[in-house]
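Notes for the structure review
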Amino acid sequence: MQLLASKVLVLLSILYLLLLSGCVDSYDPQLPGNIDVVIVDGTINNLPEQQVIRLNRSKSDPINGRPGFMALTKAKVQVVVDSAQVIEAHETVDGVYYLPSDFRGQIGHAYQLRFTLSDGSTYESTQQVMPNVPAIGQVRAEFNPNSLSPTLLGGYTAAHDFYIDTQDPEGQPNYYKWDWKLWEKQEWCRSCEQGLYSINNVLIKYDDNAQRFFETGNLLFEDCFYPPPPLNTYERFPYWVYDYRCRTKCWAILSSKHLDIFADNYSDGHLISNRKVAQIPFYQHDGCLVELRQSSLTPSSYRFYKDLEEQTQNSGGVADPPPTASIGNVQNINKKREIVVGIFTASAVSAIRFWLDRSDTNGTPPGLFRLLVGRAPIPEPVAPNGPFYNIIDKHTSSSRPYTAVCVDSEKQTSAIPKGWRE
């Protein structure tokens, strides 16, 4: 969702500006920022990984008119295989619907998305047949101190540029998309803003003088505890944020944010040589694991991504054509004119994992935490200074500051990635 969401948000922001000028006929120009659209992001692939459908809504803020995202929850989501087999998806995170863990797409088979929202609105995509994809050939990584734009990571530009070769099949149209996934060893697992990390639950108690204090209970908590406001209305907590080291091994999971597509219109059957498909920032001296992905696109999904690329790259000036909001292949089956943004498609993927030891680097990287968060880590202070408030530990053998558990999510994992080297 991250890449598509960021591109769509740019597109909707352009739409917002055009709405203010009355340039989009499908909305009332007298209602600034009158945007309310369903956003679909789903790709079935053939890799042994979780297949995910994401449903969101972008709706204008009633005050300033600017679009924002909210998850569409409690939907009934299905994928229909070859017009016959119906696969149910289940929501585990708001707006994120997971197909069964053993479900995989297959080349040459057809897939269609159907979903019904909690208000009864029903949507379906066009049928998508998964095309084949050639294998990634040679892979080369090259350290480049000036690889990244200075605007991406606060002025830090060093990265490894990844190049691949792949043989394009002859006599057939082929459409490609490249992206990457990255695993980095991380040291810090949790940040608590205006709170303290606690292993056990925290109880609020009062002494004989009616003074409030905090004490741990006997239930496992493993989270940030946020104290209620001070009893004295004239007293305020200062602002603080504390960061907590990982208790066990933990890996950050990062992915590409650049849309990289290609059609073989003028290179059918030729070797796609020395194609740059990834820029992996020089986060830290430690080695990392990079997965390069080469995906096949259906003709309709290529057109969608091409339109999205062009719409989000234009400046919105008077010489630019207005963005086309009704892109994608999903429709409300009872309201054909409703704008639905996004796409459901099927892509075969050739993936290769590459261990990047970073032995060829030079210079001093700023560190993973600093580049991801935008600041240096701030550990919880220890005695004699201590944190801004105290929690009496009654049921915890560890002493403060605690370390934090690595919570598995789309952004981090406690499981050793396949191909990781120590």
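Scroll up a little and you will see the structure.
All figures in this text were calculated on a predicted structure; none of them were measured in a lab. (Residues numbered from 1 in each chain as written. Predicted model: local features only at pLDDT ≥ 70, side-chain atom pairs only at ≥ 80, totals over all residues. Heavy atoms only, no water.)

1. Re the overall build of the protein chain
What counts, and what does not: A run of H or I in DSSP becomes a helix once it reaches four residues, and a run of E becomes a strand once it reaches two; helices and strands are each numbered from the N terminus. Only protein chains enter the area calculation, which uses a 1.4 Å probe; residues under 20% of their type maximum are buried, those over 50% are exposed, and those in between are partly exposed. Should any heavy atoms of two residues lie within 4.5 Å, those residues are counted as being in contact. Shrake-Rupley sampling with a 1.4 Å probe provides the accessible areas, and residues are treated as covered by the protein chains on show and by no other component.
In terms of regular secondary structure, the protein chain is built from three helices and 25 strands. Residue burial in the protein chain is summarised as follows: out of 422 residues, 47% are buried. Across the protein chain, contacts joining residues at least 24 apart in sequence account for 71% of those joining residues at least 6 apart. Carbon together with sulfur atoms contributes 50% to the accessible area of the protein chain, which is approximately 21700 Å² in total.

2. A word on the sheet that holds strand 14 (residues 196-206)
Whether parallel or antiparallel, the strands of a sheet pair through hydrogen bonds between backbone atoms. In plain terms, the rule: For two strands to pair, DSSP has to find at least two bridges joining them.
Spatially, three strands are ordered 14-15-24 in an open sheet, and the strand pairing comes out mixed. In this open sheet, the two strands that pair with only one neighbour each are strand 14 and strand 24 (391-392). Pairing between strand 15 (residues 212-225) and strand 24: two bridges, direction parallel. Considered in strand 24, the bridge of Phe214 is made with Ile391.

3. Here's the deal with the packing of aromatic side chains
Short version of the rule: Whether two aromatic rings pair depends on their centres lying within 6.5 Å, for rings of Phe, Tyr and Trp, where Trp uses its six-membered ring; planes under 30 degrees apart make the pair stacked, over 60 edge-to-face, and the rest tilted. Ring-over charges, as used throughout, are those where CZ of Arg or NZ of Lys falls within 6 Å of the ring centre and within 35 degrees of the ring normal.
Evaluated as defined, the whole model comprises 20 aromatic pairs. Consider the rings of Tyr197 and Tyr244, whose centres lie 5.6 Å apart with planes at 40°: the pair is tilted. Linking Tyr197 in strand 14 with Tyr244 in strand 16 (residues 241-245), this pair joins segments that are 47 residues apart in sequence. When the ring of Phe225 is compared with that of Tyr389, the centres are 6.4 Å apart and the planes differ by 65°; the resulting orientation is edge-to-face. Taken together, the residues span a long stretch of sequence, with Phe225 in strand 15 and Tyr389 in the loop between helix 3 (368-373) and strand 24 at a distance of 164 residues. Taken together, Phe214, Phe225, Trp240, Tyr242, Phe388 and Tyr389 form an aromatic cluster joined through their ring pairs. Its end group placed over the ring of Tyr305, Lys177 keeps NZ or CZ at 5.5 Å from the ring centre.

4. Considerations on the pairing of strand 20 (residues 288-296)
The element strand 20 is extensively covered by neighbouring structure, given that nine of its nine residues are classed as buried. Where strand 20 meets strand 23 (residues 349-356), eight bridges bridge the pair, whose relative direction is antiparallel. Across the sheet, residue Gln294 finds its bridge partner in strand 23, namely Ser350.

5. Topic: the sheet that holds strand 10 (residues 139-144)
The line we're drawing: Axis definition: a line fitted to C-alpha atoms, limited for helices to the stretch in contact. Angles are taken between N-to-C directions and run from 0 to 180 degrees.
Within the open sheet, the three strands sit side by side as 10-11-19. Their pairing is antiparallel. Bordering the open sheet on either side are strand 10 and strand 19 (271-281), each of which pairs with just one other strand. Within this sheet the neighbouring strands show an average axis-to-axis angle of 25°, counted without direction. With eight bridges connecting them, strand 11 (residues 159-167) and strand 19 associate as antiparallel partners. When the bridges of strand 19 are listed, Tyr163 appears paired with Lys276.

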